[in-house]
Amino acid sequence: MIPLPPAYTDRMRAMLGSDADDFLGAQEQPYVRGLRLNPLKISATPLETLIDGLGSGVPWADNGFYLDIESQAGSHPLHACGVYYIQEPSAMLPAQLLGVHPGETVLDLCAAPGGKSTQLAAQMRGQGTLVCNEIVSSRAAILSGNLERMGVRNALVVSQSPDTLAQTWPQLFDAILVDAPCSGEGMFRRHPETRLEWDEASPARCAIRQSLILESAARMLKAGGRLCYSTCTFSPEENEGVIRTFLSSHPEFEPVDFTVPIGNGQTLRSQSGSVRLYPHMVRGEGHFAALLQKTNIRAEEERPTALLSAETVFTAPDRQSRDAFQAFWAEGSHSEPPDANAMIGNLLIVSPPLPPLTGLKAYRAGLSLGRIKGKVFLPDHALALAAPPLPLRSIALEEQQIAPYLHGDALPAGDVPPGFYIVSCFGLPLGFVKHSDRQLKNHYPKGLRRPSG
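Below, the structure is looked at part by part. No experiment lies behind these values; they were computed from the predicted model shown. Position labels on residues start from 1 in each chain and follow its written sequence. In keeping with the predicted nature of the model, local features appear solely for residues at pLDDT of at least 70, side-chain atom pairs appear and are counted solely at 80 or more, and the whole-chain, interface and lining totals rest on all residues. Side-chain measures were taken over the full set of non-hydrogen atoms in the model, leaving aside hydrogen atoms and water.

1. Brief notes about the overall build of the protein
To be explicit about the condition: Secondary structure follows DSSP: runs of H or I at least 4 residues long count as helices, runs of E at least 2 residues long count as strands, and numbering of each begins at the N terminus. All radius of gyration figures rest on C-alpha atoms, and the globule criterion is 2.2 Å times the number of residues raised to 0.38. Here's how the labels work: a residue is buried when its accessible area is under 20% of the maximum for its type, exposed when over 50%, partly exposed in between, all with a 1.4 Å probe on protein chains only. For accessible areas, the Shrake-Rupley method is used with a probe of radius 1.4 Å. Any residue's cover is judged against the shown protein chains and nothing else. Positive: Lys, Arg. Negative: Asp, Glu. His and the chain ends are not part of the count. The atom standing in for a charge is NZ when the residue is Lys, CZ when it is Arg, CG when it is Asp and CD when it is Glu.
Helix and strand counts for the protein stand at 13 helices and 24 strands. Computed over the C-alpha atoms, the radius of gyration of the protein is 23 Å, within 12% of the 22 Å expected from 2.2 N^0.38 for a compact globule of 453 residues. Projected onto its principal axes, the C-alpha positions of the protein cover 70 × 55 × 40 Å. Counting only residues that meet the buried cut, the protein has 56% of its 453 residues in that class. Counting every atom, the protein has about 19,200 Å² of accessible surface; 52% of that belongs to carbon and sulfur. In the protein, which carries 39 positive and 46 negative side-chain charges, the distance between the mean positions of the two groups comes to 7 Å.

2. Quick notes on the pattern of salt bridges
Our working rule: Salt bridges are defined as contacts in which a side-chain nitrogen from Lys or Arg sits within 4 Å of a carboxyl oxygen from Asp or Glu.
According to the stated counting rule, one finds 20 salt bridges in the structure shown. Salt-bridge contacts for Arg13 lead to Asp21; the nearest nitrogen and oxygen are separated by 2.9 Å. Ionic pairing is found between Glu148 and Arg364, a salt bridge with its closest N-O pair at 3.0 Å. One end of the pair, Glu148, is in helix H6 (residues 137-149); the other, Arg364, is in strand S17 (residues 362-365), and 216 residues separate them in sequence. The pair Glu148 / Arg364 is uniform in exposure class, with both members buried. Several salt bridges converge on common partners, so that one network encompasses Asp163, Arg219 and Glu302.

3. What to know about the sheet that holds strand S22 (residues 419-425)
What counts here: Note: two strands are recorded as paired if DSSP finds a minimum of 2 bridges between them.
Spatial strand order, S20-S22-S23-S24-S21: 5 strands in an open sheet with mixed pairing. In this open sheet, the two edge strands, each paired with only one partner strand, are strand S20 (394-396) and strand S21 (411-412). Relative to strand S23 (residues 428-436), S22 runs antiparallel, the two being bridged by 7 bridges. Bridge assignment links Phe420 to a residue of S23, and that residue is Lys434.

4. Brief notes about the packing of helix H8 (residues 202-220) against helix H9 (residues 240-249)
Two packed helices can be described by the angle between their axes and the distance between those axes. Stated formally: To get an axis, fit a line to the C-alpha atoms, keeping to the stretch in contact for a helix; angles then go from 0 to 180 degrees between the N-to-C directions. When an angle is under 35 degrees it counts as roughly parallel; over 145 it counts as roughly antiparallel; between 65 and 115 it counts as roughly perpendicular; any other value is oblique. Each crossing gets its hand from how the near helix is turned against the far one by less than a right angle, where anticlockwise is left-handed and clockwise is right-handed. Two residues form a contact once any of their heavy atoms are found within 4.5 Å. We call Asp, Glu, Lys and Arg charged. Ala, Val, Leu, Ile, Met, Phe, Trp, Tyr, Cys and Pro are nonpolar, and the rest, Gly among them, are polar.
Closest axis-to-axis distance for the H8/H9 pair is 10 Å, and the angle between their directions is 40°. Classified by the interaxial angle, the pair formed by H8 and H9 is oblique. Pair H8 / H9 crosses with right-handed handedness. Contacts from Ala207, Gln210, Ser211, Leu214, Glu215 and Ala218 of H8 reach H9 at Val242, Ile243, Phe246 and Ser249. By residue class, the composition of the contact of H8 with H9 is 6 nonpolar, 3 polar and 1 charged.

5. Considering helix H11 (residues 319-332)
Going by this rule: Multiplying one less than the number of residues by 1.5 Å gives the expected span of a helix. What the arc describes is the spread of directions from the helix axis to the C-beta atoms. Counting of polar contacts relies on pairs of N or O atoms within 3.5 Å, with two restrictions inside protein: one atom must be capable of donating a hydrogen and the other of accepting it, and residues adjacent in sequence are counted only when both atoms are side-chain atoms.
For H11, built from 14 residues, the straight-helix expectation of 20 Å at 1.5 Å per residue is met to within 8% by its first-to-last C-alpha distance of 20 Å. Those residues of H11 that fall on the buried side of the exposure criterion are Ser321, Ala324, Phe325, Phe328, Trp329 and Gly332. Along H11, the residues classed as buried sweep out an arc of 135° about the axis, all on the same side. In H11, the exposed positions angled more than 90 degrees off the buried face are occupied by Arg319, Gln320 and Ala330. Two to three positions downstream of the cap, the backbone nitrogen of Gln320 sits 3.2 Å from a side-chain oxygen, assigning the N-cap of H11 to Asp318.

6. Let's talk about unusual backbone geometry
Residues other than glycine predominantly adopt negative phi, and peptide bonds predominantly adopt the trans conformation. For the bond running from Ala112 to Pro113, omega is 5°, close enough to zero to count as cis. Within the secondary structure, Pro113 sits in the loop between strand S5 (105-108) and helix H5 (115-124). Cis geometry marks the peptide bond from Ala387 to Pro388, where omega comes out at -5°. Looking at the secondary structure, you find Pro388 in the loop between helix H12 (381-385) and S20. A positive phi is found at Arg125, a non-glycine position, where the angle reads about 55°. Among the structural elements, Arg125 can be located in the loop between H5 and strand S6 (129-133).

7. Examining the nonpolar core
This is how it is decided: Nonpolar cores were defined as sets of buried Ala, Val, Leu, Ile, Met, Phe, Trp, Tyr and Cys residues, with membership established by side-chain atoms within 4.5 Å.
Of all hydrophobic cores here, the largest spans 41 residues; its most connected members are Leu109, Trp169, Val178, Met220, Tyr229 and Leu357. Among the elements that take part in this core, H8 stands out by supplying 6 residues, more than any other. When neighbours within four sequence positions are excluded, Leu357 is seen to be in contact with Leu156, Val158, Trp169, Val313, Phe314 and Ala362. Counting 38 residues, the second largest nonpolar core, distinct from the first, contains Met124, Ala175, Val260 and Leu277.

8. Things to note about the packing of aromatic side chains
Our working definition: Whether two aromatic rings pair depends on their centres lying within 6.5 Å, for rings of Phe, Tyr and Trp, where Trp uses its six-membered ring; planes under 30 degrees apart make the pair stacked, over 60 edge-to-face, and the rest tilted.
Overall, the coordinates contain 16 aromatic pairs when judged by the stated rule. Geometrically, the ring pair formed by Tyr8 and Phe188 is edge-to-face, given 5.0 Å between the ring centres and 70° between the ring planes. Placement of Tyr8 in helix H1 (residues 6-16) and of Phe188 in the loop between strand S8 (173-179) and H8 is noted, with a sequence separation of 180 residues between them. The exposure class assigned to Tyr8 is buried, which follows from its relative accessible area of 0%. When its relative accessible area of 0% is taken as the criterion, Phe188 is described as buried.

This is the structure in structure tokens:
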């Protein structure tokens, strides 16, 4: 095991006093894993019979469960179906604290890889607008993929600096989550290699960046809105220090106190709207969270931003794409199709109202339906994974067919009519196939395919 940095150990001893030995001992114990169920996708078979190592519920998180460290839940087909998200238990706290509601306009400002974004989406139940930002473009692509896998229909994914977004979207959001980049001390147990990256100046460097991000978030929040600031570090400079400095210059904000259940009938009570999760006190890794409310607007703040229709932000659907989609839908369903309301390039989408996007790149907006290729409408993978599942015709895979499908193999067609089908496993959609030439040709995205064997 890589040793803890001596300067870090000394600081934690000074901070924790008589608790320091328990804390430092916990740092050398196995880390804690968890998963969070997607309430919009429910397996017909009880999950504990399918997933090895599924444990008890995480006391501070709806739909959160502990997971054995040796569990292979990440490679189970239900993970590919978006039935759950593998997430460290303490990381489930900030989105739970923010407590968003269906119909709200919500921002996850530092969102990749998407654990907290998908948790917010579950709370919103497909209603309202969820904006997910990640400044690093490669990580924004991962974020977009995780939102797709979990079936989120009402999210916009962008990749931009918080300052630029603040200039573009003043007073837009009802709730904002700032899970700020930090020195990562709370992950020293889970990712021991990060101990080598830490130095005594790390917290101070991070605190500067965190304060700037928080300033941007403040500008984007409506009066009456909630803001949750969180880190996975123990440094006071990055936690209470950042919040204290912010509140001293923002009298329009005030802390909101709360309690956190930690199991066995015990709770943690926040101090001035902030709480810490220590691995020797709770079953999870290190985390800090603060909850604030914006009580009024300063005179110098910009006018509020209004959401726009998706076709105003992008373009209205052309008739050829809309007709092709409706024909595709009629072939595979007797229900009314989703109301396609915009296009991004040649991609047909159905999207909630969106903020202005002038000068910004969207990685994902709403639900991607598909595009015309030649004369054929090709459904997007997101359409198969939408939550709750859409009523398109489907084929249930036999258990021995699941791995070949995920590998990208064609499957025998049997006697089903030609056309596109969703294939499902354990009662939940997994992706598309197309019956042609007596085969079910595989439309599982190449970038998601798994090695054989």
